[in-house]
Amino acid sequence: MRKPFIAANWKMNTNSKSAVELATGVVKAVDGIDNVDVAACPPFVYLQSVIEAVGSDSKLAIGAQDIFYEGNGAFTGEISAEMLTDLKVKYVITGHSERRHVIGESDELINKKTHAALDAGLLPILCVGELLEERESGKTNEVVSDQVKKGLAGFTADQALKITIAYEPVWAIGTGKTATSAQAQEVHAMIRELLAQMYDAQTADQMIIQYGGSAKPENTKELMSCADVDGLLVGGAGLKADSFGEMIKITSELYASL
Ligand code: PEP
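Since the structure is predicted, the reported quantities are computational estimates derived from the model, not experimental observations. (Residues numbered from 1 in each chain as written. Predicted model: local features only at pLDDT ≥ 70, side-chain atom pairs only at ≥ 80, totals over all residues. Heavy atoms only, no water.)

**Notes on the site of the ligand**
Okay, step 1: Near the ligand there are 14 residues, and of these Lys11, Glu168, Gly174, Ser214 and Gly235 occur at the shortest range.
Okay, step 2: Within the side chain of His96, an N or O atom sits 2.8 Å from an oxygen atom of the ligand.
Okay, step 3: For the ligand, an oxygen atom lies 2.7 Å from a polar atom in the backbone of Ser214.
Okay, step 4: If the ligand stood free it would expose 290 Å²; the protein chains cover 95% of that surface.
Okay, step 5: Within the shell around the ligand, the residues separate by chemical class into 4 nonpolar, 8 polar and 2 charged. (Near = heavy atom within 4 Å. Polar contact = N/O pair within 3.5 Å; in protein donor to acceptor, adjacent residues only side chain to side chain. Areas by Shrake-Rupley, 256 points an atom, 1.4 Å probe, with all protein chains shown as cover. Nonpolar A, V, L, I, M, F, W, Y, C, P; charged D, E, K, R; others polar.)

**What to know about the packing of aromatic side chains**
Okay, step 1: A full pass over the atoms with the stated rule returns 4 aromatic pairs.
Okay, step 2: Judged by centre distance (5.2 Å) and plane angle (45°), the ring pair of Phe68 and Phe75 falls under tilted.
Okay, step 3: Taking relative accessible area as the criterion, Phe75 reaches 31% and is therefore assigned partly exposed.
Okay, step 4: Among the aromatic residues, those joined into a cluster by ring pairs are Phe68, Tyr69 and Phe75.
Okay, step 5: Residue placement shows Lys112 over the ring face of Tyr69; its charged tip is 4.3 Å from the ring centre. (Phe/Tyr/Trp six-rings, centres within 6.5 Å; stacked < 30°, edge-to-face > 60°. Buried < 20%, exposed > 50% of the residue type's maximum accessible area, 1.4 Å probe, protein only. Lys NZ or Arg CZ within 6 Å of the ring centre and 35° of its normal.)

**A word on the environment of Ser97**
Okay, step 1: Here Ser97 shows up in helix 4 (residues 97-103).
Okay, step 2: A residue is classified by how much of its surface remains accessible, and Ser97, at 9% relative accessible area, is buried.
Okay, step 3: Taking C-alpha positions, Ser97 is 17 Å from Gly63, a pair spaced 34 residues apart along the chain. (Helix = DSSP H or I, 4+ residues; strand = E, 2+ residues; numbered from the N terminus.)

**A word on the sheet that holds strand 7 (residues 209-212)**
Okay, step 1: If you trace the 8 strands once around the closed barrel, you get 1-2-3-4-5-6-7-8, paired in parallel fashion. Ignoring which end each strand starts from, the neighbouring axes of this sheet average 25° apart.
Okay, step 2: Relative to strand 2 (residues 37-41), strand 1 (residues 5-9) is paired through 5 bridges, and the arrangement is parallel. Looking at strand 2, one finds that Asn9 is bridged to Cys41. (Pairing = 2+ DSSP bridges. Axes fitted to C-alpha atoms, helices over the stretch in contact; angles between N-to-C directions.)

**What to know about the state of the cysteines**
Okay, step 1: Scanning all chains against the criterion turns up 0 disulfides.
Okay, step 2: There is no disulfide at Cys226, and the cysteine sulfur nearest it, in Cys127, is 18 Å away. (Disulfide = S-S within 2.5 Å.)

**Thoughts on the pattern of salt bridges**
Okay, step 1: Within this structure, the stated rule accounts for 16 salt bridges.
Okay, step 2: One salt bridge in this structure joins Glu98 and Lys11, with 2.8 Å as the shortest N-O distance. You can see Glu98 sitting in helix 4 and its partner Lys11 sitting in the loop between strand 1 and helix 1 (16-29), a full 87 residues away along the chain.
Okay, step 3: On the accessibility criterion, Glu98 (29% relative accessible area) is partly exposed.
Okay, step 4: In the salt-bridge network here, residues are joined through shared partners; they are Arg2, Arg192, Asp205, Asp228 and Asp230. (Salt bridge = Lys/Arg side-chain N within 4 Å of Asp/Glu carboxyl O.)

And the structure:
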């Protein structure tokens, strides 16, 4: 059985005080839960204070929301994988839909970032997902497959095992519209089948595929009950320690009963 993995993406939210309060609140909320991997991804500027507050070996692992693919040099405004490992950051999100569609990142850039992350020892969370018009025109599988293939280009099966895929239908992110569990399961199963073709059945069976898009305590059990949904990437509901903690508790209880 795959170990579930629930991560919060704080996006451009919190401040120096509330970031530490939120992180320590989550640590308290997940105390005693060992059957779920948990992470939070604060803004870059609060990574250090959050890591210092929770401890680098805390059950709450810390991730960054993005990186640049070069190690150092004249890249104004960018943050390298080495800078993140220096702070003991564990995970990094690559290809989030807001970076794809607001900032304009390409699959090629996302792939370079994902390689830089893994090469430096970070664990990437590679996000993929279709726009509303792509879903409505029946292109979901085509778009998502293309993003998975391009995002994972050049990775071996052993490397792929360290990468979490987050399927996040763009129309469900921050909109309050969650994909139904059937819609999520259909795409997750398609991604796992694709991973089996790209690598092998055993690798595909072990890889973690998160769902993201208006996930909250009320829909956690239904989403996490899907055979191929192994975790959640959470935006809005991850900004409150009690709601995020509740999602982790629900998942923990569900998995304990399987
Ligand atoms: C996200 O940004 O990855 C996300 C899923 O956001 P929300 O949960 O707010 O839809």
